[in-house]
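Chain by chain, the residues:
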Amino acid sequence: MARILITSAIPYINGIKHLGNLIGSQLPADLFARYQRGRGNEVMFLCATDEHGTPAELAAAKAGKPVAEYCAEMHEVQADIAKRFGLSFDHFGRSSSPQNHKLTQHFAGKLAKAGLIREVTEKQVYSNADGRFLPDRYIEGTCPNCGYEKARGDQCENCTKQLDPTDLIDPRSAISGSTDLEVRETKHLYLRQSAMKDQLDAWIDSKTDWPVLTTSIAKKWLHDGDGLQDRGITRDLDWGIPVKKGDEDWPGMEGKVFYVWFDAPIEYIACAKEWADAHGKPDAEWERWWRTDKGADDVRYVQFMGKDNVPFHTLSFPATILGSGEPWKLVDHLKSFNYLNYDGGQFSTSQGRGVFMDQALDILPADYWRWWLLSHAPESSDSEFTWENFQQSVNKDLADVLGNFVSRITKFCRSKFGEEVPSGGAYGEREQALIEELTKRIRAYEAHMEAMEVRKSAQELRAIWVAGNEYLQAAAPWSTFKEDPEKAAAQVRLGLNLIRLYAVLSAPFIPETSARMLSAMNTLDTNWPEDVEAALSALPAGHEFAVPDVLFAKITDEQREDWQTRFAGVRS
Ligand SMILES: [Zn+2]
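Right, let's walk through the structure included here. On a predicted model such as this, the values are computed, not experimentally measured, just so you know. (Residues numbered from 1 in each chain as written. Predicted model: local features only at pLDDT ≥ 70, side-chain atom pairs only at ≥ 80, totals over all residues. Heavy atoms only, no water.)

### A look at the sheet that holds strand β19 (residues 383–385)
Read across the open sheet, the 3 strands follow the order β18-β17-β19; overall the sheet is mixed. Edge positions in the sheet fall to β18 (345–346) and β19, since each of these pairs with one other strand and no more. Pairing of strand β17 (residues 340–342) with β19, which is carried by 3 bridges, proceeds in the parallel orientation. Bridging across to β19, Asn 341 finds its partner in Glu 384. (Pairing = 2+ DSSP bridges. Helix = DSSP H or I, 4+ residues; strand = E, 2+ residues; numbered from the N terminus.)

Below, the structure is given as structure tokens:
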């Protein structure tokens, strides 16, 4: 039995995510986790909310709540939606957890001890009215280049000129609007990533099985221009993990917190401890997933993320781990995704454009979305959601191919043999041909799933469903029954067994429907079809079943047009 650790990029806390976010990491990670469990492997699948940083503070202020309370509430909201989408995390943690506080401070202490942290004194804008330092993007003023009055401290979005906050004319706080600003000196910690360049380079060179896209992105950051830069790991904020060296105070860093980019990936690890603590398990139980000196040397670790997150996962987080000098598990394989666009444009959280996870579940069950999103995953290039394509895919793949197959065979059996698997007859040439085709296709499906080729896996699964339909069409038990009821009985027996087989194979994509199919077939047997012929005799003659309700309702043109209009505008 293989052991597989899976993490999905952790979603930021400030709101409900859209479908583009979902297919960018969490959903394909769930597909892989479910598949690996289905094959009998031991899986640890972790995700969490990313809760620190200024955007969380601002979102809380907007909601009129203390930031800790806001984050706790939004975590519950996101956890509930994830559950309703069937995301099968072993634990859905929080980057603000006490476990992550402790571990982040631990890593900082180890990095300091290794000489990989330097202190830098910087000048930063302080707002007297707000009682805080302001990050560059929270300072507004007039652009010295073009005169645009709402330029941000980091960039003017009118003329795109890169700016320093001190370049702005009439600067003011974007939080309160106050102009009572002054430049103060403040001290920050930097992670000396530049000192780790060669070590990271060698580590990436050792990853010969990584996709070229992944290694080329990492190499670009390592070598372009002046090479990998040192990076600030602290901020002057209230909300975050207090800066400490392990358990000890850090002189001169009082009142400061770690920068969110530093603590967020450490939550991948802390989340496993949260899982252990939540289940009353000893530390050894989570450490066997993360510490190569404590059992994790045979773990395969796979990360799922959007392409914009690749540099971070190939360089910054590994710099933290390698720099600690401790035997933590490093990533073995990264699966990254391009972007999903929405109906001729982009999904936009700020403009509320596109379909958000809660809205999606308000109009259709999760499996409809899971199937479309996964079968159109933005792998080799960006992909686009259109309502026409969604309607077509649901109606054809799910309703016509899979749903219709299940409905036809169960209803025919009920009308001629009753609600039990019929006896008599034997599989002949046609059945042998089907078994051979299915064997070939299932082995291909396994290979695609193993390689995390999401679209190819979906195509193969669909072809497996189609093969059953074509068999049923050609065998035509409704005709056979008139001349040779025994032969028809064997055909129907095969068809009913195919439903169980389809339920097992389809579970990673459409888990809720798969469970309904198994329940209708009155079986708990979810064994993977290593031997297809044997799998097609799993339900013996005499085994009772029930005709299920319609698995997938077709999407009508009226529905499609209604949704198209409803989601084009601004989310209220
Ligand atoms: Zn400008």
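### Considering the environment of Gly 40
Relative to the assigned elements, Gly 40 resides in the loop between α1 (19–38) and β2 (42–49). With relative accessibility at 39%, the residue Gly 40 sits in the partly exposed group. The spatial distance from the C-alpha of Gly 40 to the C-alpha of Leu 539 is 21 Å, given a sequence separation of 499 residues. (Buried < 20%, exposed > 50% of the residue type's maximum accessible area, 1.4 Å probe, protein only.)

### Quick word on the coordination of the zinc ion
Looking at the zinc ion, one finds its protein donor set to be Cys 143 (SG), Cys 146 (SG), Cys 156 (SG) and Cys 159 (SG), positioned 2.3 Å from the metal centre. Seen from the zinc ion, its 4 donor atoms lie at angles of 105 to 115 degrees, and the figure they make is tetrahedral. When the donors of the zinc ion are listed by position in the chain, the intervening gaps give C-x2-C-x9-C-x2-C. A residue pair is termed long-range when its members are at least 10 positions apart, and Cys 143 in the loop between β6 (139–142) and β7 (151–152) and Cys 156 in the loop between β7 and β8 (169–173) qualify at 13 residues. Of the two residues, Cys 143 and Cys 156, both sit in the buried class. (Donors = N, O, S within 2.8 Å, 3.2 Å for Na, K, Ca; no water. Tetrahedral: all angles 85-135°; square planar, octahedral: opposite > 155°, others 65-115°.)

### Comments concerning empty space enclosed by the protein
For the coordinates displayed, the defined rule picks out 2 cavities of 30 Å³ or more. Considering only enclosed or pocket space, the largest cavity measures out at about 70 Å³ in volume. If you trace the largest cavity, you find it lined by Pro 11, Ile 16, Lys 17, Gln 26, Gln 78, Ile 81, Ala 82, Phe 92 and Met 357. For the lining of the largest cavity, the element with the most residues is helix α3 (residues 67–84), which contributes 3 residues. Looking at the lining of the largest cavity, its residues break down into 6 nonpolar, 2 polar and 1 charged. Of the volumes computed, that of the second largest cavity is approximately 40 Å³. Leu 31, Phe 32, Phe 304, His 448, Met 449, Met 452, Glu 453, Val 454 and Ser 457 together form the lining of the second largest cavity. At the level of elements, α1, α13 (429–450) and α14 (454–475) are the ones that each hand at least two residues to the lining of the second largest cavity. By residue class, the composition of the lining of the second largest cavity is 6 nonpolar, 2 polar and 1 charged. (1 Å grid on protein atoms, 1.4 Å probe; cavity = no way out; pocket = protein on both sides within 12 Å on 5 of 7 lines; lining within 4 Å. Points joined across faces, edges and corners; volume = space filled by probe spheres on them. Nonpolar A, V, L, I, M, F, W, Y, C, P; charged D, E, K, R; others polar.)

### Regarding the sheet that holds strand β1 (residues 3–8)
Taken in spatial order, the 5 strands of this open sheet run β3-β2-β1-β15-β16, and their pairing is parallel. The sheet is open, and its two edges are formed by β3 (91–94) and β16 (333–337), each paired on a single side. Put simply, the sheet's adjacent strands are angled 20 degrees from each other on average, direction ignored. In the sheet, β2 pairs with β3 via 4 bridges, with the strands oriented parallel. What sits directly across from Thr 49, in β3, is Arg 94. (Axes fitted to C-alpha atoms, helices over the stretch in contact; angles between N-to-C directions.)

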